[in-house]
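Read off the chains here:
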Amino acid sequence: MNIKANNPALKSWVNVPEGSDFPIQNLPFGIFKTEDSSTRVGVRIGDKVLDLKELFELGYLNNLPFTLTDFEAEFLNSLMKKGKLASRDLRNRISNLLDLTNSELQENTNHVAQVLIDLNQIEMSLPVQIGDYTDFYSSREHATNIGTMIRDPQNALSPNWLYIPVGYHGRSSSIIVSGQSIHRPKGQIKPNPEEPPIYAPCRLLDFELEMAFITFDGKPLGDSISTAEAEEFIFGMCLFNDWSARDIQTWEYVPLGPFLSKNFASSLSAWVVTLDALEPFKLDGPIQDPKVLSYLEFEGQRSYDINLEVSLQPENSEENIICQSNHKYMYWNLSQQLAHHTVNGCNVRCGDLMGSGTISGPTPDSYGSMMELSWRGSKPLQLKDGSERKFIQDNDTVILRGFSSKDGIRVGFGEVITKVLAAK
Ligand code: MN
C-alpha cells in the first residue's frame, strides 16, 4: 500500500529532534488543551503539537469530510466516525502542510504561531472515549510462563490456546491516560493457603506490558469482520499498561476469570499512532502450528516490528530498564483477534479498545510482567539504588515505551507513565 504520508524522503519545516518518536512520517492523533483553550484534537510532530481546531478554522482542512465539532472535541471518536479513508486523507493533508517543500502554511508566520504549540504548554487527556474493552492473551511466551507457574509445566498452554485467540471482556471506565497516578487496590487476598481470605491492600501488584488497538465502527450485529477486512476497521495503536493485582487474581479467577484484580486501572499512552503509520514496519509473525481454522487464516504480513521497553523508577531514584520485548512476538495478530472477536456476530463500535495481552519475548529479560520477571517473587530484581523488587511497591513509577525503526525512520509511541500511590 502506498500511503503518501509514509514517504521516508519527507522532511518537515518543523524541527524534529534527533531520535524523536514523532517525525513527519508518524503524525499520531491525540486530545489536548492549554491553560486557556478548550480540549481539541492535536497531531504531534517533534516537540510540537499541531492544533487541528485552529487549522480547520483557518481553512487548511477544506475539502475533507470533517466539521469543526470533529476537532473541537473531548475525544477522537467524532473524527474516527468518519472512517478509515477520511482519517487517511486527513493525515496525508497534514503531512503535506508540514512538508518542507510546501510553503502554504510554513510561510504564514501568524498562522504558524496560531497552530503550532509547544509541548510544555499543553496537557493531554484520554484520546478516545472507550466503549468496550477486550483484553486478549496472545503472547505464547507469556501464556506458557503463566501456565508453567500456576498450572502444570508439562501442559503450560491450555488445550484451546493454539486454536483460539483467547480473550475476555474488561472494563473501560478505569482506563486512564499516561501521567495519571493510581492507588494500590484493596480486596480479598489469601496469603495463607490454610486460612480464610482477608481484606487488605494488594501485596502482589503488577504491570502488564501490552499494546492496544482502537477500532472504527465495525459491522452491524450479526455480521463478522474477516481477516482480509480487519485492518480497514482499525484506527491505530497505543501503549497499554494493564495493571494487575496477582494475589486478588489468584483467589478470585475461578470460575469466570479475572474481575477486581484487573478492573481498577489500565494506563493508555496519549498519542494514537495510526495503523497507516505502522504499515512500513510490518513483518511475518510466528509460524502457527497447528494450522489455524479457516476464519483465522490471513494473507500477507500482519505482525508489527515494535520495540517495547519497561522502566521502573523508585521514588527519588533513577530509572531501571527491567524488560525489553517486541510486538512481533505476538502469536495471534490484530487481524486474527478482530476476526475472532466478531466471528460469532459480535459487533465492535467506534472507540472500542482491544488489549494485546502481556507481550513477553523468548528470553527472561523480555518478560512483560513482574510475575514473570521475578518468577512469582522467587527471583527478585536488583535495582540500581540497591533495593530489590518482586512486585511493584508504593511510590514506584512504571514507564512503558515503544517505537518502530527502519531505513532511518523512527515511528514511536512516546510513553505511558504511571505512579503507584499507597492504598486509599
Ligand atoms: Mn492484560
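Here, every reference points to the structure presented above.
In short, a report on the structure.

### What about the pattern of salt bridges?
Part 1 of the argument: One pass over the full model with this rule turns up 28 salt bridges.
Part 2 of the argument: Its salt-bridge partner being D51, residue R40 comes within 2.8 Å of it at the nearest N-O pair. On the criterion of sequence distance, the pair formed by R40 in strand β2 (residues 40-45) and D51 in strand β3 (residues 48-51) is long-range, its members being 11 residues apart.
Part 3 of the argument: R401 is the partner of E319 in a salt bridge, and the nearest nitrogen-oxygen pair spans 3.0 Å. Highlighted residues: E319 in the loop between β20 (307-313) and β21 (320-326) and R401 in strand β25 (residues 397-406), separated in sequence by 82 residues.
Part 4 of the argument: When its relative accessible area of 25% is taken as the criterion, R401 is described as partly exposed.
Part 5 of the argument: What emerges from the salt-bridge pattern is a single network uniting R40, D51, K53, E54, E57 and E72.

### Remarks on the sheet that holds strand β1 (residues 29-34)
Two orientations exist for strands paired in a sheet by backbone hydrogen bonds: parallel and antiparallel.
Part 1 of the argument: Strand order across the open sheet formed by five strands is β4-β3-β2-β1-β5, with antiparallel pairing between neighbours. Here the strands that pair on one side only, and so sit at the sheet edges, are β4 (116-118) and β5 (122-125). In this sheet, adjacent strand axes meet at a mean angle of 50° when their direction is disregarded.
Part 2 of the argument: Where helix α4 (residues 84-98) meets the sheet, it contacts β1, β2 and β3, and its direction lies at approximately 60° from that of β1.

### Quick look at the coordination of the manganese ion
Octahedral metal centres with six donors ideally show angles of 90 or 180 degrees, and tetrahedral centres with four donors ideally show 109.5 degrees.
Part 1 of the argument: Taken together, D135 (OD), E208 (OE), E210 (OE) and D242 (OD) make up the full set of protein donors to the manganese ion, lying 2.1 to 2.2 Å away.
Part 2 of the argument: All donor residues of the manganese ion come from one chain, and their arrangement in sequence is D-x72-E-x1-E-x31-D. Residue D135 is found in strand β6 (residues 133-136), and its partner E208 is found in the loop between β12 (205-206) and β13 (209-215); the two are separated by 73 residues along the sequence. An identical accessibility class is assigned to D135 and E208; each is buried.

### A closer look at the sheet that holds β21
Part 1 of the argument: The strand order β9-β26-β25-β20-β21 describes an open sheet built from five strands, whose pairing is mixed. With one partner strand each, in any of the chains shown, β9 (182-183) and β21 form the two edges of the open sheet.

### What to know about the nonpolar core
Part 1 of the argument: Judged by nonpolar contacts, the single largest core of 56 residues is most densely connected at F207, M237, W243, L338 and I392.
Part 2 of the argument: Looking at which element gives the most residues to this core, the answer is strand β26 (residues 409-421), with five residues.
Part 3 of the argument: With sequence-adjacent residues up to four places away left out, F207 is seen in contact with N241, D242, W243, R246, V310, I322, G368, S369, M370, L373, I392 and V398.
Part 4 of the argument: L79, A86, F240 and A270 belong to the second largest nonpolar core, which has 54 residues in total.

### Here we look at the environment of I189
Part 1 of the argument: Positionally, I189 belongs in strand β10 (residues 186-189).
Part 2 of the argument: Of the residues examined, I189 reaches a relative accessible area of 1% and is grouped as buried.
Part 3 of the argument: With 113 residues separating them along the chain, I189 and L76 place their C-alpha atoms 39 Å apart.
Part 4 of the argument: In this structure, I189 is in contact with P197, I198, A200, P201, R203, D247 and I248, ignoring residues within four places of it in sequence.

Reading the values: rules and limits
- Residues numbered from 1 in each chain as written.
- Predicted model: local features only at pLDDT ≥ 70, side-chain atom pairs only at ≥ 80, totals over all residues.
- Heavy atoms only, no water.
- Salt bridge = Lys/Arg side-chain N within 4 Å of Asp/Glu carboxyl O.
- Helix = DSSP H or I, 4+ residues; strand = E, 2+ residues; numbered from the N terminus.
- Buried < 20%, exposed > 50% of the residue type's maximum accessible area, 1.4 Å probe, protein only.
- Pairing = 2+ DSSP bridges.
- Axes fitted to C-alpha atoms, helices over the stretch in contact; angles between N-to-C directions.
- Contact = heavy atoms within 4.5 Å.
- Donors = N, O, S within 2.8 Å, 3.2 Å for Na, K, Ca; no water.
- Core = buried A, V, L, I, M, F, W, Y, C linked by side-chain atoms within 4.5 Å.

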